[in-house]
Amino acid sequence: MSEIYDCCVIGAGAMGSATAYHLARNGKSVLLLEQFEVGHENGSSHGNSRVFRLSYEDTFYVSLARAAKPMWLELEAQSKQKLFYPTGGLDLAEPGSPVFQDCMKAMKAEGIEYEVLNASQIRSRFPQFHINDSMIGIYQDDTAVLNAVECVKVMASLACKSGAVLKENSPVVGLKNRAGVAEISTGAENYRARSVVINAGAWANGILAHLNLQLPLQARKEQYQFFAARDPDIFKPGKMPIFLEYGCGDTDIIGMYGFPLLEMNAVKVAAHQRGPYIDLSERTFELEVDGAADVEQYVRQRFGDALGEVVASKTCLYTNTPDQHFVIDKIPGHENIILSSPCSGHGFKFAIVIGKMAAELATEGRSSRSLSLFEISRLMAAQS
Ligand SMILES: Cc1cc2nc3c(=O)[nH]c(=O)nc-3n(C[C@H](O)[C@H](O)[C@H](O)COP(=O)(O)OP(=O)(O)OC[C@H]3O[C@@H](n4cnc5c(N)ncnc54)[C@H](O)[C@@H]3O)c2cc1C
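Predicted, not measured: the structure shown is a model, and the values here were computed from it.

Asker: How should the overall build of the chain be read in this particular structure?
Answerer: Counting secondary structure elements, the chain contains nine helices and 21 strands. The C-alpha radius of gyration computed for the chain amounts to 21 Å, which stays within 12% of the reference 21 Å derived for 384 residues, consistent with globular compactness. Across the 384 residues in the chain, those meeting the buried criterion constitute 56%. Within the chain, residue pairs in contact and separated by at least 24 positions form 74% of the contacts whose partners lie at least 6 positions apart. When the accessible surface of the chain is split by element, carbon and sulfur atoms take 49% of a total near 15300 Å².

Asker: Can you walk me through the pairing of strand β12 (residues 181-185) in this structure?
Answerer: Regular strands place side chains that alternate from one sheet face to the opposite one. As paired elements, strand β11 (residues 174-178) and β12 share five bridges and run antiparallel to each other. Residue pairing for β12: G174 is matched across the bridge by S185. With antiparallel pairing between neighbouring strands as the criterion, β11 and β12 make up a hairpin whose turn holds two residues, including A179 at a positive phi of roughly 50 degrees. As paired strands, β12 and strand β13 (residues 190-193) are joined by four bridges and run antiparallel to one another.

Asker: What is the right way to read the pattern of salt bridges from this model?
Answerer: Charged atoms that come close allow side chains of opposite charge to pair. By the definition in use, this model includes 17 salt bridges. Between R220 and E222 there is a salt bridge whose closest N-O contact spans 3.7 Å. The exposure class of R220 is buried, given its relative accessible area of 13%. R378 is the partner of D323 in a salt bridge, and the nearest nitrogen-oxygen pair spans 2.6 Å. Residue D323 is located in the loop between β19 (307-320) and β20 (327-331), and its partner R378 is located in helix α9 (residues 377-383); the two are separated by 55 residues in the primary sequence. Given the relative accessible area of 21%, R378 is considered partly exposed.

Asker: I tried to follow the packing of aromatic side chains on my own but got confused; where do I start?
Answerer: Aromatic ring pairs are reported here in terms of the distance separating the ring centres and the angle at which the planes meet. Within the structure shown, the criterion is met by 21 aromatic pairs. Between F60 and F374, the ring centres sit 5.5 Å apart and the planes meet at 80 degrees, which makes this aromatic pair edge-to-face. Here F60, found in helix α2 (residues 59-79), pairs with F374, found in the loop between α8 (351-364) and α9; they are 314 residues apart in sequence, far enough to count as distant. Judged by relative accessible area, F374 falls into the buried class, the value being 0%. Taken together, Y56, F60, Y61, F326, F350 and F374 form an aromatic cluster joined through their ring pairs. Taking NZ or CZ as reference, R53 lies 4.0 Å from the ring centre of Y56, over its face. Geometry around F285 places R283 over its ring, the cationic atom sitting 3.9 Å from the centre.

Asker: Even after reading the chapter, I still don't get the site of the ligand, so can you show me in this structure?
Answerer: Lining the immediate surroundings of the ligand are 35 residues, of which E34, H40, S45, V51 and C316 lie closest. Contact between the ligand and M15: an oxygen atom at 3.0 Å from a main-chain N or O atom of the residue. Calculation on the ligand without its partners gives an accessible area of 1000 Å², and the protein chains cover 97% of this total. Of all elements in the fold, only α1 (14-25), β4 (50-52) and β19 reach the threshold of two or more residues within the shell around the ligand.

Asker: Quick question: what am I supposed to make of the domain arrangement of the chain here?
Answerer: Where interface size is quoted, it is often the accessible area lost as the parts come together. The assigned domain composition of the chain is domain 1 (4-45 + 149-215 + 323-383) and domain 2 (86-144 + 218-320). The distance between the C-alpha centroids of domain 1 and domain 2 comes to 30 Å. Domain 1 puts twelve residues into the contact, and the matching count from domain 2 is 13 residues. Summing both sides of the interface, domain 1 and domain 2 together bury roughly 1000 Å²; the carbon and sulfur share of this comes to 51%. Between K314 and E41 there is a salt bridge, with its nearest N and O atoms 3.2 Å apart. Across the contact surface, domain 1 and domain 2 share seven residue pairs in polar contact (both at pLDDT 80 or more).

Asker: Just to check I follow, could you spell out the side chain of S49 for this structure?
Answerer: Positionally, S49 belongs in the loop between β3 (30-33) and β4. By relative accessible area, S49 is classed as buried at 3%. Among the polar contacts listed, one links the side chain of S49 to the side chain of E263, at a separation of 2.4 Å. Contacts of S49, omitting those with residues within four sequence positions, involve V145, L146, A148, F259, E263 and K268.

Asker: Looking at this structure, how should I read the sheet that holds strand β14 (residues 196-198)?
Answerer: For sheets, the rule is that strands pair by backbone hydrogen bonds, running either parallel or antiparallel. The six strands are arranged β10-β3-β2-β14-β21-β20 in an open sheet whose pairing can be described as mixed. Each having just a single partner strand, β10 (165-167) and β20 make up the two edges of the open sheet. When the angles between neighbouring strand axes are averaged without regard to direction, this sheet yields 20 degrees.

Analysis parameters
Residues numbered from 1 in each chain as written. Predicted model: local features only at pLDDT ≥ 70, side-chain atom pairs only at ≥ 80, totals over all residues. Heavy atoms only, no water. Helix = DSSP H or I, 4+ residues; strand = E, 2+ residues; numbered from the N terminus. Rg over C-alpha atoms; globule rule 2.2 N^0.38 Å. Buried < 20%, exposed > 50% of the residue type's maximum accessible area, 1.4 Å probe, protein only. Contact = heavy atoms within 4.5 Å. Areas by Shrake-Rupley, 256 points an atom, 1.4 Å probe, with all protein chains shown as cover. Pairing = 2+ DSSP bridges. Salt bridge = Lys/Arg side-chain N within 4 Å of Asp/Glu carboxyl O. Phe/Tyr/Trp six-rings, centres within 6.5 Å; stacked < 30°, edge-to-face > 60°. Lys NZ or Arg CZ within 6 Å of the ring centre and 35° of its normal. Near = heavy atom within 4 Å. Polar contact = N/O pair within 3.5 Å; in protein donor to acceptor, adjacent residues only side chain to side chain. Domains from an automatic or database assignment. Buried area = accessible area lost by both parts, 1.4 Å probe. Axes fitted to C-alpha atoms, helices over the stretch in contact; angles between N-to-C directions.

Now the structure itself:
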């Protein structure tokens, strides 16, 4: 065993590649271990579209997203690659929706500008949408599409350009921590590092088991479908915003969401937090038929026959916490080992700032932004 790295990052999805990117940029020696290859489609960070938005029901997330935006734009400039596509966003709901109301309050508190539109204003501005007279909308200009897999690849490659060592097809199968030095085993190789950031997404509990810890993190298999547009022009960015609809059945949170015509030259629509909870060892890649039918019915209702047949679909994993807040914290009893599991289906937009927070926590023992919302203790309390 040779070098002791400043930090070993386990997992090169959105969070791991962002963490390695910040660590390497700050001159740390970094080992980035990935069980598959960067850009694979087995986890949570694949595909070419994720929603970036400031409209959140909690001021903490509004300010975190606002901090992330210039960092995504800086990443674009550094890589000379288009990653962030401003489209504007339309949040739809029935007036009484509590979460929707909270979004307006939180954005107002953070000084974020937005417009409230009634049904006829929505219809005249965005004629694609078939909506009830009672519905209202929030239009927010900062909403954008992040090209997910390209963001991941760019952050991983920039980390390597800054000296990080990336080992793909290197599943971590062992983790010991002695006297402030961690020993990480991939079966084929053994490594040492002064700190470790566990960015293993839905597989996090598999790594935590080596430290005799398990947390209530649940893998949920979600899916998205791409619909052909009869008149593609009216669904293009500039004419069609990203949309999120609150409610949709027995929930107050986002029920359905979708994107203008970008990826697959079709319109992507999906349900949020609707897929089955799964055991990763039994994970399949087939579409859930009932879930797909629900989304197709929604598309008929919301867009009539302006959207046609499904031309493609994919599955993807959420890693849910019970309260759908993230986990970014030191492992109890292991000051130098950090768990950074920010997902619950809404983590991507924050990846570039969360990567920085996790990198600071690993190498400086504290983050420049508050992590009180993301502490492990709240989950351990929930288990006991
Ligand atoms: C369908 C869908 C839609 C979404 N839409 C949005 C959206 O619009 N906006 C938004 O902000 N967020 C969205 N999200 C959430 C967002 O994509 C995730 O929060 C984010 O991608 C999580 O990244 P991650 O790095 O934690 O997980 P992952 O990308 O899964 O990365 C974990 C990595 O760890 C690796 N790994 C695991 N175990 C080991 C091991 N033992 N050894 C080595 N490597 C290991 C895995 O192979 C994987 O590459 C969505 C998620 C899904 C599934």
